[in-house]
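Each chain, letter by letter, is given below.
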Amino acid sequence: MRASSLGRCPTVAVVLLLATATTMAAAAARTKNECHPDDKAALLAIKAGFGNASYFQSWTSDYPCCIWINVFCDPYTSPYTARRVVGVSFLRDTSLVGPLPGAAIARLTALQELDLIHVPGVNGTIPHELARLSATLNSIDISYTGISGPVPSFFSQLKKLTYLRLSFNSLTGHIPASLGEIPNLSFLDLGRNRLTGTIPPRLLSKTNDTSYLCLSHNNLTGGIPAEFAAVRFWTLDLSHNALTGDASFLFGANKSLENLDLSRNTFSFSLSAVTLPSKLGSLDLNHNGIYGELPPQVANLQYLNVSYNWLSGTVPTGGNMGRFDQYCFQHTMVCVGVHYLHAISDRPLYPPAPDPAVNLDDY
């Protein structure tokens with residue numbers, strides 16, 4: 001019995017090895033073909049459009065496009081040979097040089113997400129061919145690039161778009177009013193460009209979600225649209241522009257704001273009657289013409305800067321106030337008991353209402 005059993009072992013081993021080899025071969029064959037052929041051709045056209053840069057070393061016909069670097073396929077498609085490319089990212093690489101190959105990208109007809117981040121050699125304008133992806137594209141991040149020209153108005157045709165980030169580029173011109181017609185857009189970042197003109201009134205007005213809007217470090221003028229009072233912002237950053245007027249309608253106990261930055265503009269309104277949003281954690285109002293008294297709720301904030309304004313009254317105590325040093329209040333003319341917080345003690349105190357003859361930057 002022992003000899004007989006031992007005699008069968010080699011046979012069993014051979015059968016197992018053959019079965020394993022067959023399974024591996026089948027898996028390898030399946031994997032090699034695991035990509036929609038039209039998408040594979042489109043990706044190779046993108047590679048050629050960027051001059052076959054070193055970034056694309058893994059993008060070869062010897063491997064399925066679904067395992068190429070920074071290519072993402074739908075994991076649920078069956079059969080595997082029909083898997084569609086739903087995401088493409090180009091990240092932190094200086095070998096990518098030249099304009100964005102829009103026609104090739106538009107051939108990825110199932111594409112949902114397109115990212116170009118920290119690729120400074122990518123230049124030119126945002127190609128109009130991206131409008132062909134109106135039925136699928138929901139996220140675009142083109143930031144820290146050499147892209148210039150206008151913010152395209154054709155983005156309004158991308159009805160699925162929920163996320164649009166175009167920050168740290170060289171975009172110029174006005175913000176298209178048509179961006180306000182995108183039905184589900186809830187994240188918009190156009191910061192750190194060279195945009196001019198006024199803020200379109202209907203930005204992010206159609207979404208039911210809480211919204212993120214950053215327009216900082218541009219050359220925008222005019223006031224904040226009154227329509228923003230109805231938008232459920234959780235973050236709003238309008239800093240470093242030339243915006244004017246009253247921004248007090250952004251405040252209110254029931255507002256969803258968690259972060260608000262209005263710094264480095266020329267807003268003028270009273271804080272005395274303002275109630276801070278209950279969820280607000282960060283408030284930056286420095287370098288404006290804001291007057292009145294600080295609301296007591298500032299003691300609940302994690303970050304506060306009201307320097308270079310025209311505030312009066314006393315600084316609230318308790319809560320987190322101990323973490324805010326003099327730089328949070330310098331040149332605000334805020335009274336703490338009988339002491340005034342201003343950086344140069346021998347300067348005269350100015351009245352809380354703004355005096356147009358005085359340049360705050362001189363103090």
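The structure we're discussing is the one just above.
Report follows, based on the coordinates. None of the values given here were measured: they were computed from a predicted structure.

A closer look at the overall build of the chain
Stage number 1. Secondary structure summary: the chain contains three helices and 21 strands in total.
Stage number 2. For the chain, buried positions account for 47% of its 363 residues.
Stage number 3. In the chain, the proportion of contacts linking residues at least 24 apart, taken out of those at least 6 apart, comes to 46%.
Stage number 4. Per element, the accessible surface of the chain, about 17,000 Å² overall, is 55% carbon and sulfur.

Looking at the pairing of strand E4 (residues 113-124)
Stage number 1. In this structure, strand E2 (residues 85-91) lies alongside E4, joined through five bridges in parallel fashion. Counted as the bridge partner of Gly87 is Glu113 from E4.
Stage number 2. By the bridge criterion, two bridges tie strand E3 (residues 98-99) to E4 in an arrangement that is parallel. Following the sheet pairing, Pro99 is matched in E4 by Asn123.
Stage number 3. One ladder, built from eight bridges, connects E4 with strand E5 (residues 139-149); its direction is parallel. By the bridge assignment for E5, Glu113 is matched with Ser139.

Comments concerning the state of the cysteines
Stage number 1. This structure, assessed with the given rule, holds two disulfides.
Stage number 2. At a sulfur-sulfur separation of 1.5 Å, the disulfide partner of Cys35 is Cys65. Judged by the sign of its S-S torsion, about 60 degrees, the cystine formed by Cys35 and Cys65 is right-handed. Taken together, the residues Cys35 in the loop between helix H1 (2-32) and helix H2 (37-49) and Cys65 in the loop between H2 and strand E1 (71-73) connect sequence positions 30 residues apart. You'll find Cys35 and Cys65 in the same group, each marked buried.
Stage number 3. Here Cys66 pairs with Cys73 through a disulfide, and the sulfurs are 2.1 Å apart. Between Cys66 and Cys73, the S-S torsion sits near -90 degrees, and that sign places the bridge as left-handed.
Stage number 4. According to the relative accessible area criterion, Cys66 is buried, its value standing at 13%.
Stage number 5. Look at the chain and number its bonded cysteines as they come in the sequence; the links are 1-2, 3-4.

Topic: the pattern of salt bridges
A side chain of one charge can pair with a side chain of the opposite charge when the charged atoms of the two come close.
Stage number 1. Counting across every chain of the model gives five salt bridges.
Stage number 2. Of the charged contacts, one joins Arg165 and Asp141 as a salt bridge, the two residues approaching to 3.3 Å between their closest N and O atoms. A residue pair is termed long-range when its members are at least 10 positions apart, and Arg165 in strand E6 (residues 163-165) and Asp141 in strand E5 qualify at 24 residues. Both residues of the pair, Arg165 and Asp141, count as buried.
Stage number 3. Its salt-bridge partner being Arg165, residue Asp189 comes within 3.9 Å of it at the nearest N-O pair.

Examining the environment of Ser312
Stage number 1. Examined against the element boundaries, Ser312 turns out to sit in the loop between strand E19 (310-311) and strand E20 (334-336).
Stage number 2. Once the C-alpha coordinates of Ser312 and Ser272 are considered, the two residues, 40 residues apart in sequence, prove to be 9.4 Å apart.

What counts as what
- The residue numbering used here restarts from 1 in each chain and proceeds along that chain's sequence as written.
- Reporting in this predicted model follows two pLDDT cut-offs: at least 70 for local features of residues, and 80 or more for side-chain atom pairs to be given and counted; totals over whole chains, interfaces and linings ignore these cut-offs and use all residues.
- Heavy atoms throughout the structure, all of them, feed into the side-chain values; hydrogens and water do not.
- By definition, any uninterrupted DSSP run of H or I lasting at least four residues is a helix, any uninterrupted run of E lasting at least two residues is a strand, and each is numbered from the N terminus.
- Each residue is assigned to one of three classes by its accessible area relative to the maximum for its type, calculated with a 1.4 Å probe on protein chains only: buried under 20%, partly exposed between the two thresholds, exposed over 50%.
- Throughout, a residue-residue contact means that at least one pair of heavy atoms, one from each residue, lies within 4.5 Å.
- Note that accessible areas follow from Shrake-Rupley with a 1.4 Å probe, and for residues the cover is restricted to the protein chains shown.
- Being paired, for any two strands, means DSSP has found at least two bridges between them.
- We call a pair of cysteine sulfur atoms a disulfide when they lie within 2.5 Å.
- Here, a salt bridge means any Lys or Arg side-chain nitrogen found within 4 Å of an Asp or Glu carboxyl oxygen.

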